[in-house]
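Chain and residue survey
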Amino acid sequence: MRFYDILKMLEGRQGTIRTLPESASRDCPLRGVYFFFELGEQRSGSGDGARVVRVGTHALKPGSKTTLWTRLSQHRGALRSGGGNHRGSIFRLLVGSALIARDGLSCPTWDTQRSNASSPVRAAEIELERLVSRTIGAMPVLWLSVDDDPGAESERGVIERGAIALLSGWGQTEIDPPSANWLGHACTRVKVRRSGLWNNNHVDEAYDPAFLDVMERRVLATPFA
């Protein structure tokens, strides 16, 4: 409940919650943590409102120059063509694998040929990439500015790991379980299915409640829009 209270405070300071197709680089901080929601996915045990379905960040390795918007753009895909590159976004790969399984689609290279895909392979994947772009593009997202240096001690990493571990249903009774119709139930990755999140890392870890203090401090430092 405290986690979602902090997110509500963040939403109030940003003035809106938007989708990636509605966003642009000028809207986004240089570095930060993002929180995706999904239509039809609601909290049930921690209060009212939408539940977070994915948490992520970027540039945690020392020397990394990747910006938050660059990472979100990889998840969003190309606006003009509607395509994307699931080989550069684990989020896209997970969503695509679930769409294949749920809808009986055929894309044999999706989760098997992980690099150096040829032009014919990418051409054969384009319709699924477009479907993934539409699916992720419909998900509202909040981001939190955390402009610290890349590295093991980054507060972005602290918030990401803590939030995923807190929200995950892995190995425990879920506080806010996914709906019966959640797309993630069809995902090929057991960690997605059992955690209720579009995450593959940190879902099986114990969380340190201290991350909430870090997150709240960063939200309070966020200026009002």
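Let me begin by describing the structure that accompanies this report. Since the model is a prediction, treat every value here as computed from it, not as a measurement. (Residues numbered from 1 in each chain as written. Predicted model: local features only at pLDDT ≥ 70, side-chain atom pairs only at ≥ 80, totals over all residues. Heavy atoms only, no water.)

1. Observations concerning the layout of surface pockets
A volume near 420 Å³ is recorded for the largest pocket. Considering the residues around the largest pocket, the lining is formed by 26 residues, among which Ala165, Leu166, Leu167, Ser168 and Ile175 are closest to the centre. Counting only elements with at least two residues in the lining of the largest pocket, the list comes to α1 (2-14), β2 (50-56) and α5 (155-167). Across the lining of the largest pocket, the residue classes tally to 14 nonpolar, 6 polar and 6 charged. What the second largest pocket holds in volume is close to 350 Å³. Looking at the second largest pocket, it is lined by 19 residues, and the ones nearest its centre are Arg54, Thr57, Arg71, Glu160 and Asn201. Within the residue set of the lining of the second largest pocket, elements represented by two or more residues are β2, α2 (68-76) and α5. (1 Å grid on protein atoms, 1.4 Å probe; cavity = no way out; pocket = protein on both sides within 12 Å on 5 of 7 lines; lining within 4 Å. Points joined across faces, edges and corners; volume = space filled by probe spheres on them. Helix = DSSP H or I, 4+ residues; strand = E, 2+ residues; numbered from the N terminus. Nonpolar A, V, L, I, M, F, W, Y, C, P; charged D, E, K, R; others polar.)

2. Comments concerning the pattern of salt bridges
Inspection of the entire model under this criterion finds 15 salt bridges. Asp111 is the partner of Arg189 in a salt bridge, and the nearest nitrogen-oxygen pair spans 3.0 Å. A residue pair is termed long-range when its members are at least 10 positions apart, and Arg189 in the loop between α5 and α6 (190-195) and Asp111 in the loop between α3 (90-103) and α4 (119-137) qualify at 78 residues. Each member of the salt-bridge network shares a partner with another, and the members are Arg2, Asp213 and Glu216. (Salt bridge = Lys/Arg side-chain N within 4 Å of Asp/Glu carboxyl O.)

3. Structural notes on the packing of aromatic side chains
Inspection of the entire model under this criterion finds 6 aromatic pairs. Judged by centre distance (5.1 Å) and plane angle (85°), the ring pair of Phe3 and Tyr4 falls under edge-to-face. Feature note: the residues Phe3, Tyr4 and Phe35 constitute an aromatic cluster, connected by ring pairs. Geometry around Tyr4 places Arg43 over its ring, the cationic atom sitting 4.0 Å from the centre. In this structure, Arg51 is placed above the aromatic ring of Trp182, and the distance from its NZ or CZ to the ring centre is 5.2 Å. (Phe/Tyr/Trp six-rings, centres within 6.5 Å; stacked < 30°, edge-to-face > 60°. Lys NZ or Arg CZ within 6 Å of the ring centre and 35° of its normal.)

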